[in-house]
Amino acid sequence: GAVVSQHPSRVICKSGTSVKIECRSLDFQATTMFWYRQFPKQSLMLMATSNEGSKATYEQGVEKDKFLINHASLTLSTLTVTSAHPEDSSFYICSARSLAGGETQYFGPGTRLLVL
Amino acid sequence: QKEVEQDPGPLSVPEGAIVSLNCTYSNSAFQYFMWYRQYSRKGPELLMYTYSSGNKEDGRFTAQVDKSSKYISLFIRDSQPSDSATYLCAMSPDNYGQNFVFGPGTRLSVLP
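First things first, this report covers the structure right here in the doc. The model shown is predicted, which means the values in this text are computed figures rather than measured ones.

### Topic: the layout of surface pockets
What the largest pocket holds in volume is close to 570 Å³. If you trace the largest pocket, you find 24 residues lining it, with Pro40(A), Lys41(A), Ser40(B), Thr86(B) and Arg107(B) closest to the centre. When contributions to the lining of the largest pocket are tallied by element, the ones reaching two or more residues are β9 (85-92) and β11 (106-111) of chain B. A total of 4 residues in the lining of the largest pocket trace back to one element, the largest contributor, which is β11(B). Counted as a void, the second largest pocket has a volume near 350 Å³. Lining the second largest pocket are 16 residues, and of these Leu44(A), Met45(A), Phe100(B), Val101(B) and Phe102(B) lie nearest its centre. If you list the elements that add at least two residues to the lining of the second largest pocket, you get β5 (45-51) of chain A together with β10 (101-102) of chain B. Here the lining of the second largest pocket is built from residues that sort into 9 nonpolar, 4 polar and 3 charged.

Right, here's the structure in full:
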């Protein structure tokens, strides 16, 4: 099946620093990648949709200048949390949709961010 | 009313039991229905993907969609302790991914 990886799996940083999270589709090309945030015991909330070679589309209430998304290739998207604050601490999950279409999203293992 | 409703549980069952997980929705535009399993501190894993009303079976899992009632179910037969996880339903009006709506998830514990 389709495999999506994320790196790092866990990161702890100081308030005010920036953190970059990578999402890779390992065995397929992804035209579209999605970034979600999940707080404890809550469901996934879509943050943004990332299309290769174009600007990301952000959901209402998500600051595009704070959560920078780059989708440089059909297998890699990055999310950078700029000037992170403790309230940004969460579980960030990416997913990817196959270029072949006709399929649903495949999720990465998630990145747990803790901002001190 | 939320677009997708799902009993959060927790649901505890003995090993070997049949588990029934359900979601209701309000948007009649939803055409694609998914069930994901999420272990603690892990990303969701796709279990079932259906388009039409009716049943779809895969091993011990059966997904059921009733569009007329706006109701979907996931049945797990012969449940195992390894099935203990949070189960998320998801649905979308299209297959492009941007309009996925997830249920809040049901926490399932299968007791040995």
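Structure shown, so let's carry the discussion forward.
### Here we look at the pattern of salt bridges
Residues and elements named next belong to chain B. Within this structure, the stated rule accounts for 5 salt bridges over all chains. With a closest N to O distance of 3.0 Å, Glu45 and Arg37 form a salt bridge. Judged by its relative accessible area of 34%, Glu45 falls in the partly exposed class. Overall, Arg37 belongs to the buried group, its relative accessible area being 12%.

### Description of the environment of Asp78(B)
Residues and elements named next belong to chain B. Position of Asp78 among the secondary structure elements: in the loop between β8 (71-76) and β9. The class of Asp78 is partly exposed, set by a relative accessible area of 43%. When the C-alpha atoms of Asp78 and Asp94 are compared, they prove to be 33 Å apart, with 16 residues separating the residues in sequence. Apart from residues no more than four positions distant in its own chain, Asp78 is found in contact with Gly16, Ala17, Arg60 and Asp83.

### Remarks on the interface of chain B and chain A
With 19 residues of chain B at the interface, the matching set in chain A holds 22 residues. Each partner contributes to the roughly 1600 Å² buried at the junction of chain B and chain A, and carbon and sulfur atoms together form 54% of this total. Here chain B is connected to chain A by 0 salt bridges. For the pair chain B and chain A, the interface holds 4 residue pairs in polar contact (both at pLDDT 80 or more). Partitioning the side of chain B that touches chain A into residue classes produces 10 nonpolar, 6 polar and 3 charged.

Rules used in this analysis
Residues numbered from 1 in each chain as written. Chains lettered and ligands numbered in written order. Predicted model: local features only at pLDDT ≥ 70, side-chain atom pairs only at ≥ 80, totals over all residues. Heavy atoms only, no water. 1 Å grid on protein atoms, 1.4 Å probe; cavity = no way out; pocket = protein on both sides within 12 Å on 5 of 7 lines; lining within 4 Å. Points joined across faces, edges and corners; volume = space filled by probe spheres on them. Helix = DSSP H or I, 4+ residues; strand = E, 2+ residues; numbered from the N terminus. Nonpolar A, V, L, I, M, F, W, Y, C, P; charged D, E, K, R; others polar. Salt bridge = Lys/Arg side-chain N within 4 Å of Asp/Glu carboxyl O. Buried < 20%, exposed > 50% of the residue type's maximum accessible area, 1.4 Å probe, protein only. Contact = heavy atoms within 4.5 Å. Buried area = accessible area lost by both parts, 1.4 Å probe. Polar contact = N/O pair within 3.5 Å; in protein donor to acceptor, adjacent residues only side chain to side chain.

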